[in-house]
Amino acid sequence: MTSTSPDVDTAMARVIADENEHVAHNYHPLPVVISRGEGAWVTDVEGRRYLDLLSAYSALNFGHGHPAILAAAQEQLNRLTLTSRAYHNDRLGPFAAALAELCGKDLVLPMNTGAEAVETGIKVARAWGYRVKGIETDAATVVVAHGNFHGRTTTIVGFSDDPQARDGFGPFAPGFVNVAYGDAAAIEAAITPSTAAVLIEPIQGEAGIVVPPEGYLRAVREICTKHNVLFIADEIQSGLGRVGETFACDREGVVPDVYLLGKALGGGILPLSAVAADRDVLGVIRPGEHGSTFGGNPLAAAVGLRVVEMLQTGEFQTRAKALGEHLEARLQSLVGQGVTAVRVAGLWAGVDIDPAIGTGREVAERLIARGVLAKDTHGQTIRIAPPLVVRATELDWAVEQLRVVLAG
């Protein structure tokens, strides 16, 4: 890739230095400074183009600057952006109705970030446990899974088993029971009369695109129904077309009691998350018990409505499924050539790098020089999650760049 700037190093270094000087170091970004994006491609401050294989952790499922989503945002920007929920606005109702229909649920509770959706789901589960199931006050528990990633709040990291996420941030809230992921029997063994919910990712994203064994989600559904426990599916990364279905739970024909949604719901433009459930579950929340100044704002609702309309066509789900099969075939050819394992679900892949080649971070840094942006996780894994608008030829090219990098 050639730079359009005569002073290549200085422009990039200056921007990174300014950020390092004034932004808290809660991230360790890869050394690239992006200034523009279109579709599956981004351009840095020096004019170099890169194929985006991260999609902002699936927030950009529809690509950078999708014209239909931009049009919805621009139209609403010119009308009304924020009212708070102290008043009604004319965008929230249509968005909630469309999203509820997409989920097959009665009600939607809109929030902003994914972590807010998870926190909301926990509050709803506890309220349901006390008000409907009859659990003793302040005794409700939620079963979660090892390797989970549901966000960064102190409550959420308290039930993480990732030392980097939790060490130094306690004390943590009680009420969570952690069991092995992919083991339905372990979930059932952990359930007591005080269990309000089981909260899991249908596919674990941050853990490295960990796909549970076939039948796991169906077993969890059956166990939760049997014991009168809510099944909460965190579809914040896995949902909204990423895995070749609207939701990852659809891969096993399973419908949870509660969907937690976010990331792609905001169309890659703004934060938008939601909890979706039937009235007998989400209806337990009363006025004044939960809220957000920005939750359900008309700008986010207009964008979210356009996203739901795009998903209702099925185009993106079909595309992700077909391209995912194409990508999996290409990635499997790398096993034994610097790759030790590959896990794929739709256009979402975890690629384990042979330690003899380097760490996941080192491979991601080498890919930058070849015009490909991917991101490492947990040491040896790189994640691949391109926008769903990517072309098969672009995927082929990206895998070839990875092959070259692995060959040294």
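Above this text sits the structure in question.
Residues numbered from 1 in each chain as written. Predicted model: local features only at pLDDT ≥ 70, side-chain atom pairs only at ≥ 80, totals over all residues. Heavy atoms only, no water.

A. Helix α14 (residues 392-407), seen in detail. In this model α14 runs 23 Å from its N-terminal to its C-terminal C-alpha over 16 residues, within 8% of the 22 Å that 1.5 Å per residue would give. With its phi angle positive at about 80 degrees, G408 sits one or two positions after the end of α14. (Helix = DSSP H or I, 4+ residues; strand = E, 2+ residues; numbered from the N terminus. Expected span 1.5 Å × (residues − 1).)

B. The pattern of salt bridges, seen in detail. Per the counting criterion, the structure on display carries 18 salt bridges. Here D90 ties to R91 by a salt bridge, and the two come within 3.8 Å at their closest N and O atoms. R91 gets classed as partly exposed once you look at its relative accessible area, which sits at 24%. Across the pair R218 and E214 runs a salt bridge whose closest N-O atoms are separated by 2.9 Å. On the accessibility criterion, E214 (64% relative accessible area) is exposed. (Salt bridge = Lys/Arg side-chain N within 4 Å of Asp/Glu carboxyl O. Buried < 20%, exposed > 50% of the residue type's maximum accessible area, 1.4 Å probe, protein only.)

C. Local environment of the state of the cysteines. Evaluation of the coordinates by the stated rule reveals zero disulfides. No disulfide involves C103; its sulfur sits 11 Å from that of C249, the nearest cysteine. Classification of C103 as buried rests on a relative accessible area of 5%. Of all cysteine sulfurs in the structure, the one in C224 sits closest to C249, which takes part in no disulfide; the separation is 11 Å. Since its relative accessible area comes to 0%, C249 is described here as buried. (Disulfide = S-S within 2.5 Å.)

D. Broad picture of the sheet that holds strand β13 (residues 372-373). Here we have four strands laid out as an open sheet, ordered β1-β2-β3-β13, and mixed in their pairing. A single partner strand is all that each edge strand has here, and the edge strands are β1 (34-38) and β13. One ladder, built from two bridges, connects strand β3 (residues 49-52) with β13; its direction is parallel. Following the sheet pairing, L51 is matched in β13 by V372. (Pairing = 2+ DSSP bridges.)

E. Representation of the sheet that holds strand β6 (residues 176-179) within the structure. Reading across the sheet, the seven strands line up as β4-β10-β9-β8-β7-β5-β6 and stay open at both edges, with mixed pairing between neighbours. Only two strands of the sheet have a single neighbouring strand rather than two, namely β4 (107-111) and β6. Taken pair by pair, the neighbouring strands of this sheet meet at an average axis angle of 20 degrees, ignoring direction. With four bridges connecting them, strand β7 (residues 195-200) and strand β8 (residues 230-234) associate as parallel partners. Among the inter-strand pairings, L199 is bridged to a residue of β8, identified as I232. Contacts from helix α4 (residues 92-103) reach β4, β9 (258-261) and β10 (273-277), with the element oriented near 120 degrees to β4. (Axes fitted to C-alpha atoms, helices over the stretch in contact; angles between N-to-C directions. Contact = heavy atoms within 4.5 Å.)

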